[in-house]
Amino acid sequence: ICYTLLLSTKTSSPIPFQKEDVTKSCRDKHGRWMNPWPTWCFPSYSLRLRFLLWDKNNSNVPTSKEALDSELPVMEPYFVQNPDLSESGPGLRVTWLGHATVLVEMDGVNILTDPIFSQRASPFQFIGPKRFRGPPCTVEQVSYLLSSSVILITIIWMFVPLGLMDWLVKMGCENVMELDWWEENCVPGHDDVTFVCTPAQHWSKRTAMDDNKSLWSSWSVLGPDHRFFFAGDTGYCASFQEIGRRFGPFDLAAVPIGAYLPRYCTCTQTKLEGLVGVFLIHSVSSTALTLQNMGVLLLCDLF
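This one's a predicted model, so the numbers in the text were calculated from it and none came from an experiment.

Novice: What should I look at first to understand the pattern of salt bridges in this one?
Specialist: A full pass over the atoms with the stated rule returns 4 salt bridges. A salt bridge links D69 to R133; the shortest N-O distance between them is 2.9 Å. A residue pair is termed long-range when its members are at least 10 positions apart, and D69 in helix 2 (residues 65–71) and R133 in the loop between strand 6 (109–112) and helix 4 (139–146) qualify at 64 residues. Salt bridges sharing partners connect three or more residues here, namely K65, D69 and R133.

Novice: Mind showing me how you'd approach the nonpolar core here?
Specialist: Formed by 40 residues in total, the largest nonpolar core has its most connected members in V104, F159, W181, V221, F228, F229 and F247. One finds F79, L103, L112 and C137 within the second-largest nonpolar core, a separate group that totals 9 residues.

Novice: How should the sheet that holds strand 5 (residues 102–106) be read in this particular structure?
Specialist: The strands making up a sheet associate through backbone hydrogen bonding, with each pair oriented either parallel or antiparallel. Pairing is antiparallel in the open sheet, where 3 strands are placed in the order 4-5-6. Each edge of the open sheet carries a strand with a single partner, namely strand 4 (92–96) and strand 6. The sheet shows a mean angle of 15° between the axes of neighbouring strands, direction not considered. Note that strand 4 and strand 5 share 5 bridges and pair antiparallel. Each bridged residue has a counterpart across the sheet, and for V94 the counterpart in strand 5 is V104.

Novice: Is there a simple way to explain the packing of aromatic side chains in this structure?
Specialist: Two measures describe an aromatic ring pair: the distance that separates the ring centres and the angle between the ring planes. Counting across every chain of the model gives 9 aromatic pairs. Measuring from ring centre to ring centre gives 6.1 Å for F229 and F240, while their planes differ by 75°; the resulting arrangement is edge-to-face. Of this pair, F229 sits in strand 12 (residues 227–230) while F240 sits in helix 6 (residues 239–247), and the two are 11 residues apart along the sequence. The burial state of F229 is the same as that of F240; both residues are buried.

Quick notes on the rules
Residues numbered from 1 in each chain as written. Predicted model: local features only at pLDDT ≥ 70, side-chain atom pairs only at ≥ 80, totals over all residues. Heavy atoms only, no water. Salt bridge = Lys/Arg side-chain N within 4 Å of Asp/Glu carboxyl O. Helix = DSSP H or I, 4+ residues; strand = E, 2+ residues; numbered from the N terminus. Core = buried A, V, L, I, M, F, W, Y, C linked by side-chain atoms within 4.5 Å. Buried < 20%, exposed > 50% of the residue type's maximum accessible area, 1.4 Å probe, protein only. Pairing = 2+ DSSP bridges. Axes fitted to C-alpha atoms, helices over the stretch in contact; angles between N-to-C directions. Phe/Tyr/Trp six-rings, centres within 6.5 Å; stacked < 30°, edge-to-face > 60°.

From the geometry alone we can't say anything about function, so treat these as descriptive.
Shown next, in the form of structure tokens:
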């Protein structure tokens, strides 16, 4: 997945929006989450098998390390080169760390979306989509950004869609906040920054038997001076308009593009034509981590 970062100069204020005017999350008769838009259709197993076995790879991504280093270089992030400059202050700064991982420093807090530092986007490292380029930094280097030179223990707050909290708690995670679409909450001590769980068109699956048992989402982060939208994994759907009208205009939006071959992927990923629509609707009208002695992890879904 490639993420496009859209920056905007705001020229208008958000339009008042009623809660009943938005698309709410819903389940099917079996109690599993579903997409409520006509733009959604899950591809058949035969179509996916045909794509995996017979379709050609037309990406033209170089295979040699030398060519990759020349055409798709991995740049060392500023906070690795100059750790002393890592303190977040007023304003807006963004660093793309590869895949769906974007570091956004905004209104005194830092936000890290969907942290992926492994070589494969998979629960297992011997199977699954392998990244062309490794991450530009390590988990330890990002963890350094989380900590203060004075505060020895940093509290991490995790924001997740419905259905993920129990699993994360079993994995040993603490301070997990579970939200439905359009629900919001703040990090203790940062009441001026609001994290809103917003809709996305996707699906969820971790095992062979748990399809759509957990909800998926995008995230809107609303600060006193800036607004950030993280689309997560999503296809283009009507909720982009709802999010833009309710919370836009945004100063920054991170939207995935590129994963639209075969064409059924447009149901779960945003293609280039949809990106233009997202930009216009948001005027720049998605997993986030806030730092500065306190952190928040927002997840869009889990594998």
